[in-house]
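A structural walkthrough
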Amino acid sequence: MAKNLLIVESPAKAKTIEKYLGKDFMVKSSNGHIRDLAKSDKGIDIANNFETNYIVSEEKKKVVDDLKKASKKVDEVWLATDEDREGEAISWHLCEALNLDLKTTKRIVFREITKPAVLKAIESPRIVDQKVVDAQQARRVIDRLVGFELSPVLWRKVRTKLSAGRVQSVTVRLIVEREREINAFNSVASYKVVALFTVPNENGVSVILKADLTGNLKTEQEAQSFLESCKGAAYSIDNIEVKPAKKSPTAPFTTSTLQQEASRKLGFSVSRTMVVAQKLYEAGRITYMRTDSVNLSETAMVDIEKNIKKNYGDQYAFPRKFKNKSSSAQEAHEAIRPSYIDAKLIEGSNDEQRLYSLIWKRAIASQMADAQLEKTVVKIDISTNESRLTARGEMIKFDGFLKVYRETIDGEEENNDDGILPPLKKGQILNFKSMAATEKFTRHPARYTEASLVKKLEELGIGRPSTYAPTISTVQKRGYVIKESRDGKERKYKVLSLENDIVNIVTETETTGAEKNKLFPTDIGLLVNDFLREHFDRIMDFNFTAKMEAEFDEIAHGKEEWKKVVNDFYHPFHEEVENTLENSERVTGERKLGDDEKTGKPVIARLGRYGPMVQMGHQDDEDKPKYAPIKPPLSLETITFEEAIDLFKLPRTVGKYKDLEVVVNNGRFGPYVLYNEKFISLEKGEDPFTISLERAIELIDAKEKADAPIYEYEGLPVQKGKGRFGPFLKWNELFINVNKKYDFDNLSTADIIELIEAKKQKEIDKVVQNWEEQGIRVEKARWGRHNIIKGKLKIEIPKTVDAKALTLKEVEGIIEQNAPKKKTPAKKKAPAKKKKATSK
DNA sequence: CAGTGAGCGAGCTTCCGCTTGACTT
């Protein structure tokens, strides 16, 4: 038996460290926090000077019991949780839960999981730092007080099940304010002038030289007169300026920068990035993925330098240390880097390989030399005109880190405008080809993507690496924010051109305002945000977290007592809560839009029981008011009278088909056609207000065709469909995924049978495996009748029972029931089709 | 799982930050 027990937070880390330490050490993990405030009464006795009530949650009991047992068997317990506030607190909770002496139990820390770092840490143990623990307690208690006092206010004043908190409410505020900026934005048009020349390159071949006019022209008239003024002009190079420039690599990844780059380069959502990174971490491919540090360990830096010198040459290596830009960083780990830098490629899923490659390149590039560039600016005179044109070129003299990695910048389009210029000299006369003045419009600020939101949160010091992804999912789950794509609108723009001394004007169209996977506030999000801003502006302040952090630091440095900090915060806050509950109106978001022309009835928009809606008429009119739900992209806040009137036009009967009515309406899943008691969704972009009977019939016919069984197997119909997880077959209440190996549009009979049979076997295997894990010996199992044999008894499972979920005890119960009264084994017949518990 | 929008009111919801699985239509 090992003499020492060392406890870390992550099981994957435990495995690695166990290898470094040898047989004297048993290494186990706490799997994160092991205790938390109880939920009842907030887990805090406020009247009793904020006495805390910590409990071990149900799912952590096993971990704690296991650690407790292990701790009793060893001479010494070492607490090696992360070196940050939360890690210190976990060590403290471990002492409390495992009955370890806080005064003597050894606490060690390392910021990197390398053998030298771990061995060195063991040499200098300390004890748990109560001051840091107290800072964490203050953080925890304040978050609980804010969350559990604010949320109930929302239940009373807005809607049940809503939530508010230090992090999530400010996150919603960011999105709300961006949306309002966009709504208030006025796009301004101007004209961008670009001229094209033909110039011989080194080989005498004619190439295009592009030059533009600095600053846009304000009006069409200005643009036209400028082009007119260039008629018959000669163009000559007035000046050529060549300047050296350099580009430096960015730091290796933190959680936040990894999420941003994976979003831009691979199109991953932040949660997908974290799931894939977790897999890489567990497979030992990368260092820890929840980190705010940009540091690399000494050993990693040495390895990377060697790798660069070997593969790219000495001149490419340039070791450097990065400083963290974010002041809230706690740096308990390394930056995210490959565990073994020599592994440039790895095995694994496509996602894993791509994310790993990104991490590898970024880590390598961070230790490479600057790229040396040469920037050229060419000024071109126009003989008929005072203005000058500018051509720009950029040449890479030495690629440096660009050899492996190029960071993508948000909002920057991939353009190669600044390419290599052909040879030019001062005074050279250029051969004019054409010139165009294109109408451009200023763009509103960009809506947040998940990744750009994470970047903003990090800048504000709000949230932690482990919470960015969960926070984004919380604000969506609460219905404050939706992530969606929206189609753009067509817009006309003018292009004036000058070619062969003729000025031409044409109007072209472009699509603008299209959004892909952007974050939009919902009406509830807007209303809750405004309500919180009005009554709890202190919590909603973007600097609230930063101010609290400063207080927590004071506690950690022993300059403040944690309960005093909590006390000072709580009382004024609680007073606001009481005051708001008593004095504020219920939030309805009501807006009067106008009066109906025909009836004179008022038209209002408000928040109804089931969400935002428009209402025509008054509650206590003799005939009931008309209602219609408001759905995105319309919103309670921006809907106009005309848009509201349109909404009342649904449901709309478009005509009859085979003597049955065809009705169009807007439903929970968008616009649909209702025919013969069947719902058929309209396709994207189709408008329920204008759809014709012919088109509706087309959809009805298509639906009937699609729903028709494609085959019949064992007397049951086989249907096709496409769901969340791709194409599937439905048979006998089973969903059967059809993978890319099959041609889904042209499945053969053999394919169908093969798929169904494979699925059957898989279902049987699941049941058998479950039973065998519980020690039930299964000798024979077949579809439709899961025969289990225990001893000599053979029994069939009744139809009503979910065979897969059966436990040993239940199986024994069934055996008991079916057991023969006499000695002879009995058999009972039942059509034992396994019914899967289907969840919605 | 696609029509709702009144009112009464039991019993419930909810925070942030550490972790890792289980498993979907």
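Note that the structure is predicted; figures quoted are calculated from it, not measured. (Residues numbered from 1 in each chain as written. Chains lettered and ligands numbered in written order. Predicted model: local features only at pLDDT ≥ 70, side-chain atom pairs only at ≥ 80, totals over all residues. Heavy atoms only, no water.)

**Thoughts on the pattern of salt bridges**
Cut-off, in case you're wondering: Here, a salt bridge means any side-chain nitrogen of Lys or Arg that lies within 4 Å of a carboxyl oxygen of Asp or Glu. Strands here are runs of E lasting at least two residues and helices are runs of H or I lasting at least four, both read from the DSSP assignment and numbered beginning at the N terminus. Type-normalised accessible area, obtained with a 1.4 Å probe on protein chains alone, sets the label of each residue: buried when under 20%, exposed when over 50%, and partly exposed for intermediate values.
Under the counting rule described, the total for this entry stands at 54 salt bridges. When the shortest N-O distance is used, the salt bridge between Lys-3 and Asp-24 registers 3.7 Å. Pair noted here: Lys-3 is in the segment before strand S1 (4-8) and Asp-24 is in the loop between helix H1 (11-21) and strand S2 (25-29), with a separation of 21 residues, a long-range link. On the basis of relative accessibility, which here comes to 45%, the residue Lys-3 falls in the partly exposed class. Relative accessible area serves as the criterion here: at 34%, Asp-24 is assigned to the partly exposed category. Here Asp-351 and Arg-272 are joined by a salt bridge, their closest N and O atoms 3.1 Å apart. Of this pair, Asp-351 sits in helix H11 (residues 350-366) while Arg-272 is found in helix H9 (residues 270-282), placing the two residues 79 residues apart along the sequence.

**Concerning the sheet that holds strand S26 (residues 678-681)**
Worth spelling out the cut-off: The pairing criterion for strands is at least two bridges between them, as found by DSSP. Think of each axis as a best-fit line through the C-alpha atoms, taken over the contacting stretch in the case of a helix, with angles from 0 to 180 degrees between the N-to-C directions.
Taken together, four strands build an open sheet; the order of strands is S23-S24-S25-S26 and the sheet is antiparallel. Single-partner strands in this sheet number two, and they are strand S23 (652-657) and S26. Neighbour-to-neighbour, the strand axes of the sheet open up by a mean angle of 30°, direction not taken into account. Strand direction decides the pairing type here: strand S24 (residues 660-667) and strand S25 (residues 670-675), joined by five bridges, are antiparallel. Each bridged residue has a counterpart across the sheet, and for Asn-665 the counterpart in S25 is Tyr-672.

**So, the protein's contact with DNA strand B**
Let me state the cut-off plainly: Working definition: residue near molecule or strand if any one of its non-hydrogen atoms lies within 4 Å of it. Under the rule applied, a polar contact is a pair of N or O atoms within 3.5 Å (in protein, one hydrogen donor and one hydrogen acceptor; residues adjacent in sequence only if both atoms are side-chain atoms). Under this grouping Gly is polar, as are all residues other than the nonpolar Ala, Val, Leu, Ile, Met, Phe, Trp, Tyr, Cys and Pro and the charged Asp, Glu, Lys and Arg.
Close to DNA strand B lie 62 residues, the nearest being His-33, Gln-168, Tyr-288, Arg-290 and Tyr-610. Those atoms of DNA strand B that come within 4 Å of the protein belong to sugar or phosphate at a rate of 54%. Within the side chain of Glu-9, a nitrogen or oxygen atom sits 3.3 Å from a sugar or linking oxygen of DNA strand B. With respect to DNA strand B, the side chain of Asn-737 contributes an N or O atom lying 3.4 Å from a base oxygen. Every element with two or more residues in the surface near DNA strand B is listed here: helix H5 (130-157), H9, strand S21 (611-616), strand S22 (626-629), S25, S26 and strand S30 (734-737). The dominant element in the surface near DNA strand B, judged by the number of residues it contributes, is H5, at nine residues. In terms of residue class, the surface near DNA strand B is made up of 19 nonpolar, 23 polar and 20 charged.

**Topic: H5**
What counts, and what does not: Here a helix's expected span is defined as the number of its residues, less one, multiplied by 1.5 Å.
Taking 1.5 Å as the rise per residue, H5 with 28 residues should run 40 Å; its terminal C-alpha atoms sit 40 Å apart, in good agreement. Extensive coverage of H5 is indicated by the burial of 22 of its 28 residues. Between the side-chain oxygen of the N-cap and the backbone nitrogen of Lys-131 there are 3.0 Å, and the N-cap of H5 in question is Asp-129.

**Overview of the sheet that holds strand S20 (residues 602-608)**
Pairing within the open sheet is antiparallel, and its four strands lie in the order S19-S20-S21-S22. Each edge of the open sheet is held by one strand with a lone partner, namely strand S19 (591-595) and S22. The average undirected angle you get between the axes of adjacent strands in this sheet is 25°. Strand direction decides the pairing type here: S21 and S22, joined by four bridges, are antiparallel. Bridge pairing in S22 places Val-614 opposite Ala-628.

**Quick word on the packing of aromatic side chains**
Put simply, the rule reads: Each pair of aromatic rings taken from Phe, Tyr and Trp, with Trp reduced to its six-membered ring, is defined by centres within 6.5 Å and is described as stacked if the planes are under 30 degrees apart, edge-to-face if over 60, and tilted in the remaining cases. Charge over a ring is defined by NZ of Lys or CZ of Arg lying within 6 Å of the ring centre and within 35 degrees of the ring normal.
Overall, the coordinates contain 15 aromatic pairs when judged by the stated rule. Ring plane angle 40° and centroid distance 6.0 Å describe the contact between Phe-544 and Phe-569, whose orientation is recorded as tilted. Here Phe-544 is found in helix H16 (residues 544-556), whereas its partner Phe-569 is found in helix H17 (residues 562-583), with 25 residues between them in sequence. Judged on exposure class, the residue Phe-544 and its partner Phe-569 are both buried. Taken together, the ring pairs in this structure connect Phe-536, Phe-544, Phe-569 and Phe-573 into an aromatic cluster. Cation over ring: Lys-13 sits above Tyr-288, and NZ or CZ is 5.7 Å from the ring centre. Lying over the aromatic face of Trp-92, Arg-35 brings its terminal NZ or CZ to 5.9 Å of the ring centre.

**Quick word on the nonpolar core**
The line we're drawing: We define the nonpolar core as a collection of buried residues of types Ala, Val, Leu, Ile, Met, Phe, Trp, Tyr and Cys that are connected through side-chain atoms lying within 4.5 Å of one another. The contact criterion used is simple: two residues touch if any of their non-hydrogen atoms lie within 4.5 Å.
Counting residues in hydrophobic clusters, the biggest one holds 133 residues, and the most contacted among them are Leu-150, Leu-154, Ile-286, Leu-355, Leu-532, Phe-573 and Val-614. Broken down by element, this core gets its largest block of residues, 11 residues, from H5. In this structure Leu-355 touches Leu-258, Ala-262, Leu-266, Phe-268, Thr-273, Val-276, Ala-277 and Leu-280, once residues within four positions along its chain are discounted.

**Let's talk about the environment of Tyr-235**
Inspection of the secondary structure puts Tyr-235 in strand S11 (residues 235-247). Apart from residues no more than four positions distant in its own chain, Tyr-235 is found in contact with Phe-197, Cys-230, Ile-380, Asp-381, Ile-382, Leu-389, Gln-428, Ile-429, Leu-430, Phe-432 and Met-435.

**Comments concerning the pairing of S25**
Taken residue by residue, a regular strand's side chains alternate between the two faces of the sheet. Between S24 and S25, which pair antiparallel and follow one another directly, the connecting turn spans two residues. Here four bridges tie S25 to S26, and the two strands are oriented antiparallel to one another. Each bridged residue has a counterpart across the sheet, and for Tyr-675 the counterpart in S26 is Lys-678. Joining the antiparallel neighbours S25 and S26 is a turn of two residues, in which Asn-676 adopts a positive phi near 55°.

**Brief notes about the pairing of strand S10 (residues 206-213)**
One ladder, built from seven bridges, connects strand S9 (residues 189-200) with S10; its direction is antiparallel. The partner of Pro-200 across the bridge, within S10, is Ser-206. What sits between the antiparallel neighbours S9 and S10 is a turn of five residues, in which Gly-204 has the positive phi angle 80°. Pairing analysis gives two bridges linking S10 to strand S13 (residues 388-398), with the strands arranged antiparallel. Counterpart to Asp-212 in the pairing with S13 is Thr-390.

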